[in-house]
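# Residue-level structure breakdown
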Amino acid sequence: MHIFTGIQFLILVILWIVKSTKGSLAFPFLLILCVPIRMFLLPLFYSQRELAMVNEFSVLHASTGRGLHWIQG
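Notes on the structure follow. Please read these numbers as outputs of a predicted model, since none were measured by experiment. (Residues numbered from 1 in each chain as written. Predicted model: local features only at pLDDT ≥ 70, side-chain atom pairs only at ≥ 80, totals over all residues. Heavy atoms only, no water.)

Here the focus is the layout of surface pockets. One number sums up the size of the largest pocket: a volume of about 190 Å³. The wall of the largest pocket is formed by Phe4, Ile7, Gln8, Ile11, Cys34, Val35, Ile37, Arg38 and Leu42. Elements that contribute at least two residues to the lining of the largest pocket include exactly helix H1 (2–19) and helix H2 (27–41). (1 Å grid on protein atoms, 1.4 Å probe; cavity = no way out; pocket = protein on both sides within 12 Å on 5 of 7 lines; lining within 4 Å. Points joined across faces, edges and corners; volume = space filled by probe spheres on them. Helix = DSSP H or I, 4+ residues; strand = E, 2+ residues; numbered from the N terminus.)

Next comes the structure, spelled out in structure tokens:
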């Protein structure tokens, strides 16, 4: 999971750099580009099981604020 966090951090840095330059008009495009990256690039590095766990964690964390309870069960 540390690679996933690294990828997220890298995307954040890229978005921050774009936002801080004259290329800020590309910011919405880069945000939209995150969707195909998630759909097509991440499955090359992670199994469907790992991606499902990340999705489940994201949805549960956002809706309940509890987050990690799926690891215990």
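The biggest cluster of nonpolar side chains holds five residues, and these are Phe4, Leu42, Tyr46, Leu51 and Val54. With residues near it in sequence (within four places) discarded, Leu42 still touches Phe4, Ile7, Ile37 and Leu51. (Core = buried A, V, L, I, M, F, W, Y, C linked by side-chain atoms within 4.5 Å. Buried < 20%, exposed > 50% of the residue type's maximum accessible area, 1.4 Å probe, protein only. Contact = heavy atoms within 4.5 Å.)

Note on placement: Pro28 falls in helix H2. Classification of Pro28 by relative accessible area gives partly exposed; the value is 46%. For the pair Pro28 and Leu15, spaced 13 residues apart in the sequence, the C-alpha separation amounts to 9.5 Å.

Let us look at the packing of H1 against H2. At a minimum axis distance of 9 Å, the contact between H1 and H2 shows a crossing angle of 165°. On the basis of their axis angle, the class for H1 and H2 is roughly antiparallel. Regarding H1 and H2, the two cross each other, and that crossing is right-handed. Residue-level inspection shows Ile11, Ile14, Leu15, Val18 and Lys19 of H1 in contact with H2, the latter providing Phe27, Leu30, Leu31 and Cys34. (Axes fitted to C-alpha atoms, helices over the stretch in contact; angles between N-to-C directions. Parallel < 35°, antiparallel > 145°, perpendicular 65-115°, else oblique. Left-handed = near helix turned anticlockwise from the far one by under 90°.)

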